[in-house]
Amino acid sequence: MSSPVWHPFTQHGLNEPIPYVVRAEGAMLHLADGSTLIDGISSWWVTTHGHCEPRIAAAIARQAGQLDQLIFAAYTHEPAEAVARGLIDLAPRFDGQPTLAHVFYSDSGSTAVEVALKMALGYWHNLSLDGLAQARSRILVLEHSYHGDTIGAMSIGERGVYNAAWTPLLFDVGTIPFPAPGAEQSCLDALEAACAQKPAAFIVEPLILGAGGMLLYPAHILREMAAICRKHGVLFIADEVMTAWGRTGTLFACEQAGVVPDIMAVAKGITGGAIPLAATLATAPIFDAHVSTDRARLFYHSSSYTANAIACAAAAANLAIWRGEDVLGRIATLADGIATRLSKLAAHPAFANPRQLGTVAAIDLLAADAGYLSDLAPRLRAFLLERGLLLRPLGNTIYLMPPYCLDADQLDSVFAALHAAGDMFGAHP
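Keep in mind that what you see is a predicted model, and the values were worked out from it rather than measured.

**Student:** Residue-level account of the side chain of Asn 318, with values.
**Tutor:** Turning to its location among the elements, Asn 318 is positioned in helix α9 (residues 309–324). Setting aside residues up to four positions removed in sequence, Asn 318 forms contacts with Thr 48, His 49, Ile 56, Trp 245, Gly 269, Ile 270, Thr 271 and Gly 272.

The following block contains the structure:
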């Protein structure tokens, strides 16, 4: 019997097999047919410490028996309060820069970004009502970005196959060229010129663009971008949905640039990957611009499950792990293991452009039809699946983003499969 399920990012017309997963533990997925898979991408970049982490699972179970869901409009509960305090304590902070001081909850990376955009536009709108500034509405974005699949998030992402069907719904943005090697100054000059026109905000994925191809740029460029925005009074928004929770080697990617954004979106690993939750952090001026005795001036955004108590309990348990253990040490060990094996893979003639940031690594398999819709992608997925590995290549770009519990033997298995893919597809492109 065929399944009624409509899967995301899946072309059902290709009739590709859809593995049936019944259990997960650590870095391993257990399938209904008795086979196992190494989860090489943390199940879409969310799982950090490992699947079914016992302390997070226990926190979920406890909370489910105490308070499951509560309307969060003018009500609160301890898990949400604890996580908000914990996020503020852990958020980047540097002398002379504003402090992220307020937390708004949502339930996915896309919605966290939507909230960030609405905060920025609401800030300028309310200042204009008070006669403190002119209204601003233009958003600047970085070329090749991806920020999610809701309308606002698609509008600020790269235009193309991801969103072509919904072009009439997308708003216009100003695009800043990506700071590729040798083109860094062109990027900064373009941002300077665009900021001089007084847009509302500039949003970036800090240090690494995910779905755009795992493209890296250096921390000093991120720092200069933030400085240009601050110089012109343009709000600087960091989309840390993918990059936070240690993926880049630090808890937040912005730390490597010494940057505190005006608004920061986090999701994915906020609960260790166990259950959906997201948060958008903002500085005091952003919050204060929405505070008024006029009820019409409140921040009009919510979802039914805002700050769900069970999800917040999972996040609180995750924060306790970060506070109590040397998670960054585990990340550094894993990153070193990846680097050693990636350098050997890069010597294979079928591969080019190896790159790594923290536990995120990517390499391009040489192909005549490079790009997101490369015919290599489904062939690679199937080839790697047969070898017990869950990966989702971005076209001809193969990337790793494993949970931090991945051990050396599992890492060897991952790279053995990638070497085999090079042998297979390099010989027959």
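**Student:** Go over the pattern of salt bridges with me, naming the residues and quoting the values.
**Tutor:** In this structure the tally under the stated criterion is 13 salt bridges. Close ionic contact of Glu 53 with Arg 55 constitutes a salt bridge, the shortest N to O distance being 2.5 Å. Of the residues examined, Glu 53 reaches a relative accessible area of 9% and is grouped as buried. Close ionic contact of Glu 192 with Lys 231 constitutes a salt bridge, the shortest N to O distance being 2.9 Å. Placement of Glu 192 in helix α6 (residues 184–195) and of Lys 231 in helix α7 (residues 219–232) is noted, with a sequence separation of 39 residues between them. Residue classification places Glu 192 among the partly exposed positions, given a relative accessible area of 25%. Overlapping salt bridges, with partners in common, bring together Glu 53, Arg 55, Glu 325 and Arg 330 in one network.

**Student:** Which residues make up empty space enclosed by the protein, and what values do they have?
**Tutor:** Applying the stated criterion across every chain, the model contains 2 cavities of 30 Å³ or more. As a volume, the largest cavity reaches approximately 40 Å³. Residue lining of the largest cavity: Ser 145, Tyr 146, Gly 148, Asp 149, Ala 153, Met 154, Gly 157, Glu 158, Tyr 162 and Asn 163, and that is the complete set. Among the residues making up the lining of the largest cavity, the classes are represented as 4 nonpolar, 4 polar and 2 charged. Roughly 30 Å³ of volume is contained in the second largest cavity. Contributing elements (two or more residues each) for the lining of the second largest cavity: α10 (327–346), β14 (360–365), β16 (397–400) and α12 (408–427).

**Student:** Can you tell me about the layout of surface pockets, naming the residues and giving the values?
**Tutor:** The computed volume of the second largest pocket comes to approximately 780 Å³. Lining the second largest pocket are 25 residues; nearest its centre among them are Phe 72, Val 103, Phe 104, Phe 287 and Phe 299. When residues in the lining of the second largest pocket are grouped by element, the largest group, 4 residues, is from strand β4 (residues 100–106). The residue makeup of the lining of the second largest pocket, split by class, is 17 nonpolar, 7 polar and 1 charged.

**Student:** Account for the packing of α6 against α7, naming residues and giving values.
**Tutor:** Axis separation between α6 and α7 bottoms out at 9 Å; the angle between their running directions is 15 degrees. The pairing of α6 with α7 is recorded here as roughly parallel in orientation. The element α6 and its partner α7 pack so that their crossing is right-handed. Of the residues in α7, those touching α6 at Glu 184, Cys 187, Leu 188, Leu 191, Glu 192 and Cys 195 are Ile 221, Glu 224, Met 225, Ile 228, Cys 229, Lys 231 and His 232. Residues that form the contact of α6 with α7 fall into these classes: 8 nonpolar, 1 polar and 4 charged.

**Student:** Explain the side chain of His 348 to me, using residue names and the numbers behind them.
**Tutor:** Mapped onto the elements, His 348 comes out in the loop between α10 and β13 (351–357). Not counting chain neighbours up to four residues away, the residues in contact with His 348 comprise His 419, Gly 422 and Asp 423.

**Student:** Residues and numbers for the sheet that holds β14, please.
**Tutor:** With respect to topology, 3 strands assemble into an open sheet ordered β13-β14-β16, the strand pairing being antiparallel. Of all strands in the sheet, those with a lone pairing partner are β13 and β16, marking the two edges. When the angles between neighbouring strand axes are averaged without regard to direction, this sheet yields 15 degrees. In this structure, β13 lies alongside β14, joined through 5 bridges in antiparallel fashion. Paired with Gln 356 across the strands is Ala 361, a residue of β14. Across the sheet, α10 touches β13 and β14, and the angle it forms with β13 is around 170 degrees.

**Student:** Explain the UniProt feature "binding site: pyridoxal 5'-phosphate" (unreviewed entry) in the protein to me, using residue names and the numbers behind them.
**Tutor:** According to UniProt, the "binding site: pyridoxal 5'-phosphate" (unreviewed entry) feature falls on Gly 109, Ser 110, Asp 239, Ser 303 and Ser 304. In three dimensions, the annotated residues from a span of 196 residues occupy distinct locations, with a maximal C-alpha spread of 23.1 Å. Examined against the element boundaries, Ser 110 turns out to sit in helix α4 (residues 109–129). Residue Ser 110 is classed as buried on the basis of its relative accessible area of 15%. In this structure Ser 110 touches His 147, Gly 148, Asp 149, Thr 150 and Ala 153, once residues within four positions along its chain are discounted. Here Asp 239 lies in strand β10 (residues 235–239). The contact partners of Asp 239, leaving out residues within four places of it in the chain, are Val 113, Tyr 146, His 147, Ile 203, Val 204, Glu 205, Pro 206 and Ala 265.

Calculation criteria
Residues numbered from 1 in each chain as written. Predicted model: local features only at pLDDT ≥ 70, side-chain atom pairs only at ≥ 80, totals over all residues. Heavy atoms only, no water. Helix = DSSP H or I, 4+ residues; strand = E, 2+ residues; numbered from the N terminus. Contact = heavy atoms within 4.5 Å. Salt bridge = Lys/Arg side-chain N within 4 Å of Asp/Glu carboxyl O. Buried < 20%, exposed > 50% of the residue type's maximum accessible area, 1.4 Å probe, protein only. 1 Å grid on protein atoms, 1.4 Å probe; cavity = no way out; pocket = protein on both sides within 12 Å on 5 of 7 lines; lining within 4 Å. Points joined across faces, edges and corners; volume = space filled by probe spheres on them. Nonpolar A, V, L, I, M, F, W, Y, C, P; charged D, E, K, R; others polar. Axes fitted to C-alpha atoms, helices over the stretch in contact; angles between N-to-C directions. Parallel < 35°, antiparallel > 145°, perpendicular 65-115°, else oblique. Left-handed = near helix turned anticlockwise from the far one by under 90°. Pairing = 2+ DSSP bridges. UniProt positions renumbered as here; feature names shortened; annotations may be inferred.

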